[in-house]
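Fold and geometry: a report
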Amino acid sequence: MGEAVWVTGLGAVTPAGWTAAESWATVAAGKSCVREVKRFTTFESSSRIAGMVPGSEATLPEHSLSLEYGLNAAKQAIADSGLESRVDTVIVANHGERRLPSEAGSGRVIGVRDIAAGIAEAARTNDYSSPYGACAGSAQAIGSAAKLIRAGRARTVLAGGCDALVTPFDFFSFSSLYVMSSRDCPPEEASCPFDIRRDGFVLAEGAGFLMLEAESHARARGAEPIAVLEGFGLRQNAYHMFAPPPDGLGPEQAMREALRDAKLNAEDISYLNAHGTSTKDNDSSESMAIRAVFGPHADRLPVSSNKSQIGHTMGACGAIEAVLSIESLRAGVIPPTSNLREPDPACDLDYVPLTARERKLDHVLSNSFGFGGHSASLIFGRAA
């Protein structure tokens, strides 16, 4: 299995704040960060709302917001770790950015490689990659980093993701697929995972990064772990381009693999941070998968979705939710599923509705699923 993989630094930029600490405080308080879109006219879309990073709601700049958010979160994670030497490698998940021609500038594509290269430069390394796993991409990046460290191919890896798709091209593209919420309600109530009223996800933006280190390397420089990355599971079921498998098989397999990798039993998981997109299909199939994996323990297992506060940050969601899962682990607080007022009978687990819950946590599992059948699960354990 190789040596233990320590998490020594966290960084996040989300609709809930420009730092991991700000984001955690807002999410733990159950405050929704979804707002009406003002960056561009949304009259051609059935949706009018999104989760946007504070201070960037009014205009769409010419520079890459994805890179801006990614650089900020990456630098936070490095600084938080106290690492002064160069990072061995960087793994960044993102979708790039596509800008339509407008009076403010010409249409262009900001490439996936360009964003990853910019973050690698900030980490002082030329060794980087940008794996694609759709909305499971940044969880996949973190899991891949753990595998590199365990195999002895790297001692320090900065891993995560960034996305800023609240732009006309991507907003209208998702709208045309009828996957975003268009419910007639206040914006802050639109993302309601596991609620019978849910009708689609809320598009959001942001970035999240973890500084991962081999235990021996961290110990040698006197670093302390924030958490331990214990398990990683990855599956690709290719059931459908957009819909999850109705039996939840891909997510089920990813969770089982993560538990095997961590050498844990289902009963060892104290909290599950769900993908929980607030779409009809995802939430019911994920609930089914959780029941299949956890059996009787599913009735005692707290589950919640951070997307009820910040929306769906796409390629960044796996890393952002990993950061929030680790914050939950060390604080002993389970963030709530906001807006869960009318539970769906098809979603019959303990989703920690409306209010956070204090509880000693030892092992937390975080799920991330993506279009095309990508499923990734990460397990984090308390630092000894």
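Keep in mind that what you see is a predicted model, and the values were worked out from it rather than measured.

**So, the overall build of the chain**
A count of helical and extended segments in the chain gives 10 helices and 16 strands. A compact globule built from 384 residues would reach a C-alpha radius of gyration of about 21 Å, and the chain, at 19 Å, matches this within 12%. Each principal axis of the C-alpha distribution contributes one length, and for the chain these read about 55 × 50 × 35 Å. In the chain, which comprises 384 residues, the share counted as buried stands at 62%. Long-range pairs, those at least 24 residues apart, make up 79% of the contacts in the chain with a sequence separation of at least 6.

**Here's the deal with the pairing of strand β1 (residues 5-13)**
Burial analysis of β1 places nine of its nine residues in the buried class, the great majority of the element. The pairing of β1 with strand β10 (residues 227-236) spans three bridges and is classified as antiparallel. What sits directly across from Trp 6, in β10, is Val 228. Sheet analysis places β1 next to strand β9 (residues 205-214), joined by eight bridges and oriented antiparallel. Looking at β9, one finds that Ala 12 is bridged to Gly 208.

**Details of the domain arrangement of the chain**
Assigned domains within the chain: domain 1 (5-221) and domain 2 (228-382). Each of domain 1 and domain 2 has a C-alpha centre, and these two points are 18 Å apart. Domain 1 puts 71 residues into the contact, and the matching count from domain 2 is 66 residues. Summing the contributions of domain 1 and of domain 2, the shared interface buries around 5100 Å²; its carbon and sulfur component is 68%. The interface formed by domain 1 and domain 2 holds four salt bridges in total.

**Some details on unusual backbone geometry**
You will see that Lys 263, though not glycine, has its phi angle at about 55 degrees, which is positive. Looking at where Lys 263 falls in the secondary structure, it is placed in the loop between α7 (249-262) and β11 (271-273).

**Some points on the sheet that holds strand β7 (residues 128-129)**
Backbone-to-backbone hydrogen bonds join strands into a sheet, with any given pair of strands oriented parallel or antiparallel. Read from one edge of the open sheet, 10 strands run β7-β4-β8-β9-β1-β10-β16-β15-β11-β12, paired in mixed fashion. Strands at the two margins of the open sheet, each flanked by one partner only, are β7 and β12 (303-304). Along the sheet, helix α4 (residues 137-150) contacts β1, β4 (89-93), β8 (156-164), β9, β10, β15 (363-370) and β16 (374-382); its crossing angle with β10, the most-contacted strand, is approximately 115 degrees.

**Looking at the nonpolar core**
Counting residues in each nonpolar core, the largest one holds 37 residues, and the members touching the most others are Ile 142, Leu 210, Leu 212 and Phe 380. Counting residues per element, the ones that place at least two in this core are β1, α4, β8, β9, β10, α10 (317-331) and β16. Here this core gets seven residues from one element, more than from any other, and that element is α4. Composition of this core by domain shows at least three residues from each of domain 1 (5-221) and domain 2 (228-382). Residues Val 92, Ala 123, Ala 164 and Ala 207 belong to the second largest nonpolar core, which totals 24 residues.

**Let's talk about helix α3 (residues 112-122)**
Buried within α3 we find Ile 115, Ala 116, Gly 118, Ile 119 and Ala 120. A positive backbone phi angle near 60 degrees is found at Arg 124, which sits one or two residues after α3.

About the cut-offs
- Residues numbered from 1 in each chain as written.
- Predicted model: local features only at pLDDT ≥ 70, side-chain atom pairs only at ≥ 80, totals over all residues.
- Heavy atoms only, no water.
- Helix = DSSP H or I, 4+ residues; strand = E, 2+ residues; numbered from the N terminus.
- Rg over C-alpha atoms; globule rule 2.2 N^0.38 Å.
- Buried < 20%, exposed > 50% of the residue type's maximum accessible area, 1.4 Å probe, protein only.
- Contact = heavy atoms within 4.5 Å.
- Pairing = 2+ DSSP bridges.
- Domains from an automatic or database assignment.
- Buried area = accessible area lost by both parts, 1.4 Å probe.
- Salt bridge = Lys/Arg side-chain N within 4 Å of Asp/Glu carboxyl O.
- Axes fitted to C-alpha atoms, helices over the stretch in contact; angles between N-to-C directions.
- Core = buried A, V, L, I, M, F, W, Y, C linked by side-chain atoms within 4.5 Å.

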